[in-house]
Amino acid sequence: MSHHLGLDVGGTNLKWAVVERDGESRLVKSGRLPTDTHGGEKSVVGQLLDVARVVTGAVEGIESVGIGMPGVLDPDAGVTRFIPNIPGNWDGVQVTDEMAREVGSKVRLINDARAFALAEHGMGAGRGATSMLGITLGTGVGGGLILGGHLHLGHKGTAGEFGHQTIVPDGPRCGCGNQGCLEVFARADAIAAACGKPGVEEAAAAALAGDLRARRGFQEAGRYLGIGASNVVVLVGVERIVIGGGVASAGELLLEPMRQEIQRRVHVTDVARIKVVCGELGIWAGAIGAALHGAAEEF
Ligand SMILES: [Zn+2]
């Protein structure tokens, strides 16, 4: 039996999880605290070290640490490149070396959407699927691909950027620099705006109460997500699509138009076997996935 710590850093909360493995993997401990952003990247990295110190002191035999972060990373070097949603200057910040010295175990860095996909595949709604697309819907739109039963990382862990595929040629500018990315139409504030509401929660409540504009807003976002998912299905043949992140609480309001769009567009494989579902691990998916990534043998 072995124990593995996962840290999931967001702009609002820092979550941690300890996963126990003995053939099967299970969550044995977890916690969260507000992310300390008062001193930019320095206070966030300091807080990560503090949490790792406390948890490795309290739980015996932690063999590895995984750190999940949103944005562009250089996982081989343990360095962050660009993190738009956490205050600080993140270009070139080393986050793994000091942690490895401090806790005396291997430390690996992973994009948070990739961590979500890994967690749901290993312990959640993607269990048993040979190939799976994980999609995180929130401030941005992230993704992660499981191919042949393994997380597909691509060059420096950048594979699976589901939200940055072009969905409308010459569409509105995206934060990544491209025009017409899927994220421009399916991130939380875009969905809320399309529904005519200040936030996605209000939009979902209005849509469920029969508000026509809100219903159309979700229909449209679900349609774009479904087109994006169809592209992935025909390209790599995923059999399961798992949705997570805050916006996933809208559930069927988004999943149903996604399914319809996949049905409409995918003709090269058996569409009936493709399942589009919500994640099962809730807010802990990112931390669990980071722990599983740290624990992975191929290093
Ligand atoms: Zn983009």
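Everything numeric here is computed off the predicted structure, so don't read it as measured data.

As a further point, take the coordination of the zinc ion. For a metal bound by four donors in a tetrahedral arrangement, the ideal donor-metal-donor angle is 109.5 degrees, while six donors in an octahedral arrangement ideally sit at 90 or 180 degrees. Every protein donor of the zinc ion is listed here as His164 (ND1), Cys174 (SG), Cys176 (SG) and Cys181 (SG), and their distances to the metal cover 2.0 to 2.3 Å. Considering all four donor atoms around the zinc ion, the spread of angles at the metal, 105 to 119°, places the coordination shape in the tetrahedral class. Along the chain, the residues donating to the zinc ion are arranged with the sequence spacing H-x9-C-x1-C-x4-C.

Here we take up the layout of surface pockets. To find leftover empty space, a probe the size of one water molecule is rolled over the atoms. The space that makes up the second largest pocket amounts to roughly 540 Å³. Counting residues per element, the ones that place at least two in the lining of the second largest pocket are β3 (24–34), α3 (112–123), β11 (150–152) and α9 (285–295). For the lining of the second largest pocket, the leading source of residues is α3, giving four residues. When grouped by side-chain class, the residues that make up the lining of the second largest pocket number seven nonpolar, seven polar and five charged. Residue assignment places the lining of the second largest pocket across two domains, with domain 1 (2–115 + 284–295) and domain 2 (128–279) each supplying three or more.

Scanning the model with the defined rule gives 16 salt bridges in all. Between Arg264 and Glu261 there is a salt bridge, and its shortest N-O distance comes to 2.7 Å. Of this pair, Arg264 and Glu261 both sit in helix α8 (residues 252–265), three residues apart, which is roughly one turn of the helix. Among the charged side chains, a salt-bridge network with shared partners connects Arg223, Glu261, Arg264 and Arg265.

All right, on to the environment of Gly160 then. Tracing the chain through its elements places Gly160 in the loop between β11 and α4 (182–186). The exposure class of Gly160 is buried, given its relative accessible area of 17%. Taking the C-alpha atoms as reference points, Gly160 and Val232, separated by 72 residues in sequence, lie 9.6 Å from one another. Among all residues touching Gly160, those that are not within four sequence positions of it are Arg114, Gly143 and Gly144.

This part takes up the domain arrangement of the protein chain. One can read the domain layout of the protein chain as domain 1 (2–115 + 284–295) and domain 2 (128–279). Placing the centre of domain 1 and that of domain 2 at their C-alpha centroids yields a distance of 26 Å. Residue-level contacts link 10 residues of domain 1 with 13 residues of domain 2. Carbon and sulfur atoms supply 54% of the area buried between domain 1 and domain 2, which totals about 840 Å² over both sides. At the boundary of domain 1 and domain 2, one finds two salt bridges. Linking Asp74 and Lys156 is a salt bridge whose minimum nitrogen-to-oxygen distance equals 3.3 Å.

Glancing now at the sheet that holds strand β9 (residues 132–137). Pairing within the open sheet is mixed, and its five strands lie in the order β11-β10-β9-β12-β13. In this open sheet, the two edge strands, each paired with only one partner strand, are β11 and β13 (275–278). Here the average twist between neighbouring strands, direction ignored, is 25°. Sheet topology note: the β9/strand β12 (residues 240–244) ladder contains five bridges and is parallel.

The rules behind each value
Residues numbered from 1 in each chain as written. Predicted model: local features only at pLDDT ≥ 70, side-chain atom pairs only at ≥ 80, totals over all residues. Heavy atoms only, no water. Donors = N, O, S within 2.8 Å, 3.2 Å for Na, K, Ca; no water. Tetrahedral: all angles 85-135°; square planar, octahedral: opposite > 155°, others 65-115°. 1 Å grid on protein atoms, 1.4 Å probe; cavity = no way out; pocket = protein on both sides within 12 Å on 5 of 7 lines; lining within 4 Å. Points joined across faces, edges and corners; volume = space filled by probe spheres on them. Helix = DSSP H or I, 4+ residues; strand = E, 2+ residues; numbered from the N terminus. Nonpolar A, V, L, I, M, F, W, Y, C, P; charged D, E, K, R; others polar. Domains from an automatic or database assignment. Salt bridge = Lys/Arg side-chain N within 4 Å of Asp/Glu carboxyl O. Buried < 20%, exposed > 50% of the residue type's maximum accessible area, 1.4 Å probe, protein only. Contact = heavy atoms within 4.5 Å. Buried area = accessible area lost by both parts, 1.4 Å probe. Pairing = 2+ DSSP bridges. Axes fitted to C-alpha atoms, helices over the stretch in contact; angles between N-to-C directions.

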